[in-house]
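What follows is the residue order along each chain.
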Amino acid sequence: MSIVNQDVRGEDPAQATKAPERDYEAELAALRTDRNRWRAEAEKLSEQFQNTPTIDRSYLLTKGTMRQRQTYHALAKEVKAADIQRRRELGQKYLAEQKLESETSKLVVLQKDGFASVDLSHHPLVQDAIKECRDTYQEAIDSGKELLSKDSLEFVGDAGWPFIASGGVYKLATSPLLLAPVIRYFGMFPIMTGFGLLSARNEEFYPHSSQRLHFDPEDRTQLKVFFYITDVDETSGPFMAVPAEDSAVLYNDPDFKLARQDDTAVREGSIRTFTGPAGTAIYCDTCRCLHAGARPGGKKRLMLSIEYNIPTHLNSKLWEGDPTPERRCRTLKVRDYNLNEYTEALLAHPKPA
Ligand SMILES: [Fe+2]
C-alpha cells in the first residue's frame, strides 16, 4: 500500500509540524488495488495447482487399484532412475567384494515363485540373533507390561529399540548371509525399511487380519525375510504363501484393490506352508505373493521379520517437492556409528518431516 506524502518544504514552519491530513479515499483505493492484486495472485496459484499432477501416495497405499499401482511404480522407476542405477552398481560391487556365506551364496529367489526358504539354524550370526530375540521376549514377559498387539500378533521389539546396531539382529540383517539373495532378486542394493520381533498367539481367527491371504501394499515388489525364533510346525501358525505365478490372477487384475482373500481365491494346492526349526529363514516377496500366517493352532510362534525395499516404495517421496509426506521409517531409530557405504545405502530411508 502506498502512503500519501505531502511536500511541506517552503510552508509556514508552524504549519509544517502539523501532521499531514490523511487522504482516506486514496488509502482505500490503494487497499482495493492491493486486495485485487492478492486475489489475482491467489487465482494464478490455484490455477497452477489445478494443472499440477499431484499423487496421493497414502491413497494409493490403502485404496489404489492394481492398475494405479502399476502406473505409479512405473513412473517412480523413471523418476528414481539415477538412484536405481547407483544401487544396481552397488549391488554388483557388494556381490563381488564381500565374502559370501556358503549357505546363501547360491540361494536364488526365483521370480516365478517370489519365495524361498533355507535352514540357517547352524550359522553363528543366526544363533546370536535368535538369542537376542529370545532374551528380548523373556524380558518383555518378565516386565509384566502388556505388549502392543493387533489381532493375533504381539509386537515384542523393533529396529532401534531394543534391537540396536551392536546387537545380533542388526548384524544379521546387514550381513552378506541375508543380503546376497536380496540383491540378486532385486538386481540392486536394497533399502532396509524395518525389522522387528513378533509373537503370534495363534488362538483365535480374525477375519480382517493377516491370517487371511493378502498382498502387502508398499510396492509392486519387496522382500521380507522371516526368521523363525521358535520351532514351527503345522500347529504353530506357520507362515503361508502362494507362488507369484499363482498369485498373478489377482496381482495382474487391473481393477483389483488389495483385500483379504479366502484360500479358495487361488488354485487348489497352490498354498505353500513353511514349517521348520528355529533359524529357518523364509524370503518372500509379500507384494507379489499372497500370504498369510498365525492361524489358530496349539502353539505360540516367535518370528523375526526383516524388510527390504527398492527406491520406488510408496512410503518415500516421489521427488524432492512431492507434497505427500513420507511415512516414518522403522529403521530410522537405528544409530549405527560405524556406517560404511553399504549400511549407509541400507539405511537411506524416509526421514520425518
Ligand atoms: Fe503381509
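Rules and cut-offs
- Residues numbered from 1 in each chain as written.
- Predicted model: local features only at pLDDT ≥ 70, side-chain atom pairs only at ≥ 80, totals over all residues.
- Helix = DSSP H or I, 4+ residues; strand = E, 2+ residues; numbered from the N terminus.
- Rg over C-alpha atoms; globule rule 2.2 N^0.38 Å.
- Buried ≥ 20, exposed ≤ 12 C-beta atoms within 10 Å, placed from the backbone.
- Pairing = 2+ DSSP bridges.
- Core = buried A, V, L, I, M, F, W, Y, C linked by C-beta atoms within 7 Å.
- Contact = placed C-beta atoms within 7 Å.
- pLDDT = per-residue confidence, 0-100.
- Arc of directions from axis to C-beta.

## A closer look at the overall build of the protein chain
Phase 1: A tally of regular secondary structure across the protein chain gives 10 helices and 11 strands.
Phase 2: For the protein chain, whose C-alpha radius of gyration is 29 Å, the value lies well above the compact-globule estimate of 20 Å for 353 residues.
Phase 3: Summarising its shape, the C-alpha atoms of the protein chain cover approximately 105 × 45 × 45 Å along the three principal directions.
Phase 4: For the protein chain, the residues scored as buried account for 34% of the 353 residues in total.

## Overview of the sheet that holds strand 7 (residues 239-241)
Phase 1: Strands sit in the order 8-7-10 across an open sheet of 3 strands; the sheet is antiparallel. Sheet topology places strand 8 (272-274) and strand 10 (291-292) at the edges, where each strand pairs with a single neighbour.
Phase 2: Where strand 7 meets strand 10, 2 bridges bridge the pair, whose relative direction is antiparallel. Paired with Ala 241 across the two strands is His 291, which belongs to strand 10.

## Structural notes on the nonpolar core
Phase 1: Counting residues in each nonpolar core, the largest one holds 68 residues, and the members touching the most others are Cys 133, Val 169, Phe 227, Met 303 and Leu 304.
Phase 2: Per-element accounting of this core gives the leading share, 8 residues, to helix 8 (residues 176-186).
Phase 3: Setting aside residues no more than four positions away along its own chain, Val 169 makes contact with Ala 129, Glu 132, Cys 133, Phe 163, Phe 195 and Leu 304.

## Some remarks on helix 8
Phase 1: Of all 11 residues making up helix 8, 9 are buried, and the element is well covered by its neighbours.
Phase 2: Residues of helix 8 that are buried include every one of Leu 177, Leu 178, Leu 179, Ala 180, Pro 181, Val 182, Ile 183, Tyr 185 and Phe 186, and no others.
Phase 3: Check the buried side of helix 8 and you find it contacts helix 5 (81-97), helix 6 (124-143), helix 7 (168-173), strand 6 (223-228), strand 9 (280-284) and strand 11 (301-309).
Phase 4: Just downstream of helix 8 lies Gly 187, where phi reads positive at about 75°.

## Section: the environment of Leu 172
Phase 1: Counting through the fold element by element, Leu 172 comes out in helix 7.
Phase 2: Leu 172 sits in the buried class, given 26 other C-beta atoms within 10 Å.
Phase 3: Distance in space between the C-alpha atoms of Leu 172 and Ala 42 is 54 Å, their sequence separation being 130 residues.
Phase 4: In contact with Leu 172, other than residues within four places in its own chain, are Leu 125, Val 126, Ala 129 and Leu 178.

## Points about the confidence of the model for the protein chain
Phase 1: Summarising the model, the protein chain shows a mean pLDDT of 89, and 91% of its residues fall at 70 or more.
Phase 2: Below a pLDDT of 50 lies the segment residues 1-11, which in the model reaches 11 contacts outside its immediate sequence neighbourhood of four places, other chains included.

## Some details on the pairing of strand 5 (residues 191-200)
Phase 1: Most of strand 5 sits out of view: 10 of its 10 residues are buried.
Phase 2: Bridging between strand 3 (residues 153-159) and strand 5 involves 4 bridges; their strand directions are antiparallel. The residue of strand 5 that forms the bridge with Leu 153 is Ala 200.
Phase 3: Examined bridge by bridge, strand 5 and strand 11 share 9 bridges and lie antiparallel to one another. Considered in strand 11, the bridge of Ser 199 is made with Leu 302.

## Structural notes on helix 9 (residues 244-251)
Phase 1: Among all positions of helix 9, only Ala 244, Asp 246, Ser 247, Leu 250 and Tyr 251 are buried. All buried residues of helix 9 project into a common sector of 155° when viewed along the axis, lining one side.
Phase 2: Tucked into the core, helix 9 has its buried residues touching helix 4 (66-79).

## Description of unusual backbone geometry
Trans peptide bonds make up most of the peptide bonds, and negative phi angles are found at most residues other than glycine.
Phase 1: Cis geometry is adopted by the peptide bond preceding Pro 162, which originates at Trp 161 and carries an omega value of 0°.
Phase 2: For Asn 202, which is not glycine, the phi dihedral falls at a positive 55°.
Phase 3: Here Asn 202 lies in the loop between strand 5 and strand 6.
Phase 4: Classification of Asn 202 as buried rests on a count of 22 C-beta atoms within 10 Å.

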